[in-house]
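Take a look at the letters that make up each chain.
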Amino acid sequence: YKAARKPLAQIARELNVDAIVVGSVVRSGKRVRINAQLFQASPERQLWANAYERDLANVVSLQDEVARAVAGEIQINLTHQERALLETGQQVQPAAYEAYLKGRYFWNLRTVDSLRKSVAYFQEAIQDEPDYALAYAGLADAYNIMGFGAVHLMDSDEAGTKAIAAARKALALDDSLPEAHAALAFTLHRDKGDWAAAEREYQRALQLNPNYALAHLW
């Protein structure tokens, strides 16, 4: 709905929700500012608004802070698991975070050139932040698609070996990362044919984040 010119009430009906968060993100140098507003859809009225400005290195925790603020404003009773998800934001170097986002962007394009770029960006993120678990998980996803996806760029044995190594490195750094569990699961069922182990990893990914779409898809 980023470019949609529709009334909030119509968007709310299409999404089957009672309220909508409207916001913007502005970056200036190494600072980032998030402006967020919470609207009730029908009748339309603003329930809450706030602005947050932080150093770019804290952008992950900033996203979680905004989510917690919205949840608190509409008085949602979060489960322990949901609270844990909002408290795991890792402080990362801005350059590493940006490289990771670019890696995900090119990974999602699923072309020969874009997949190669995604690997390069994930590796750049790791070079900037050697303990960046999410970047290792992204790298595992890239190798998985390169070896077993529609765009076949690597020998499957080589891709599987590299994907498992990257996923296990991510898990060694952060065992609570659903992206890493799902990436490992994909390799286990596509490369190793180990369906039981793959199912355990998929279930663990969804236990950690029930909304992780990729785990549901795979």
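Coordinates for the structure precede this section.
Residues numbered from 1 in each chain as written. Predicted model: local features only at pLDDT ≥ 70, side-chain atom pairs only at ≥ 80, totals over all residues. Heavy atoms only, no water.

Draft legend 1. Focus on a nonpolar patch on the surface. On the surface, Y1, L15 and V17 cluster together into a nonpolar patch covering about 270 Å² of accessible area. Examined against the element boundaries, L15 turns out to sit in helix α1 (residues 8-15). (Patch = residues over 30% accessible without salt bridge, like charges linked within 9 Å, V, L, I, M, F, W, Y side chains within 5 Å. Areas by Shrake-Rupley, 256 points an atom, 1.4 Å probe, with all protein chains shown as cover. Salt bridge = Lys/Arg side-chain N within 4 Å of Asp/Glu carboxyl O. Helix = DSSP H or I, 4+ residues; strand = E, 2+ residues; numbered from the N terminus.)

Draft legend 2. Summary view of the packing of aromatic side chains. As enumerated under the stated definition, the model contains 6 aromatic pairs in all. Ring centres of Y100 and F122 lie 5.8 Å apart, and the angle between their planes is 45°; this geometry places the pair in the tilted category. With Y100 in helix α4 (residues 94-109) and F122 in helix α5 (residues 112-128), this pair connects stretches of sequence that are 22 residues apart. Y100 sits in the buried class, given a relative accessible area of 7%. Under the relative-accessibility criterion, F122 is labelled buried at 0%. A centroid spacing of 5.8 Å and a plane angle of 55° characterise the contact between Y100 and Y132, whose relative ring orientation is tilted. Of this pair, Y100 sits in helix α4 while Y132 sits in the loop between α5 and α6 (133-148), placing them 32 residues apart in sequence. Site record: aromatic cluster; members linked through ring pairs are Y100, F122 and Y132. A cation sits over an aromatic face here: R104 above W107, 5.0 Å from the ring centre. (Phe/Tyr/Trp six-rings, centres within 6.5 Å; stacked < 30°, edge-to-face > 60°. Buried < 20%, exposed > 50% of the residue type's maximum accessible area, 1.4 Å probe, protein only. Lys NZ or Arg CZ within 6 Å of the ring centre and 35° of its normal.)

Draft legend 3. Just the layout of surface pockets, in detail. For the second largest pocket, the calculated volume is near 590 Å³. V21, V25, I34, Q63 and V66 are the residues nearest the centre of the second largest pocket, which is lined by 23 residues in total. Listing elements by their share of the lining of the second largest pocket, those giving two or more residues are β1 (19-28), β2 (31-40), α2 (59-73) and α4. Tallying contributions element by element places β1 first for the lining of the second largest pocket, with 7 residues. Per-class residue counts for the lining of the second largest pocket are 17 nonpolar, 4 polar and 2 charged. (1 Å grid on protein atoms, 1.4 Å probe; cavity = no way out; pocket = protein on both sides within 12 Å on 5 of 7 lines; lining within 4 Å. Points joined across faces, edges and corners; volume = space filled by probe spheres on them. Nonpolar A, V, L, I, M, F, W, Y, C, P; charged D, E, K, R; others polar.)

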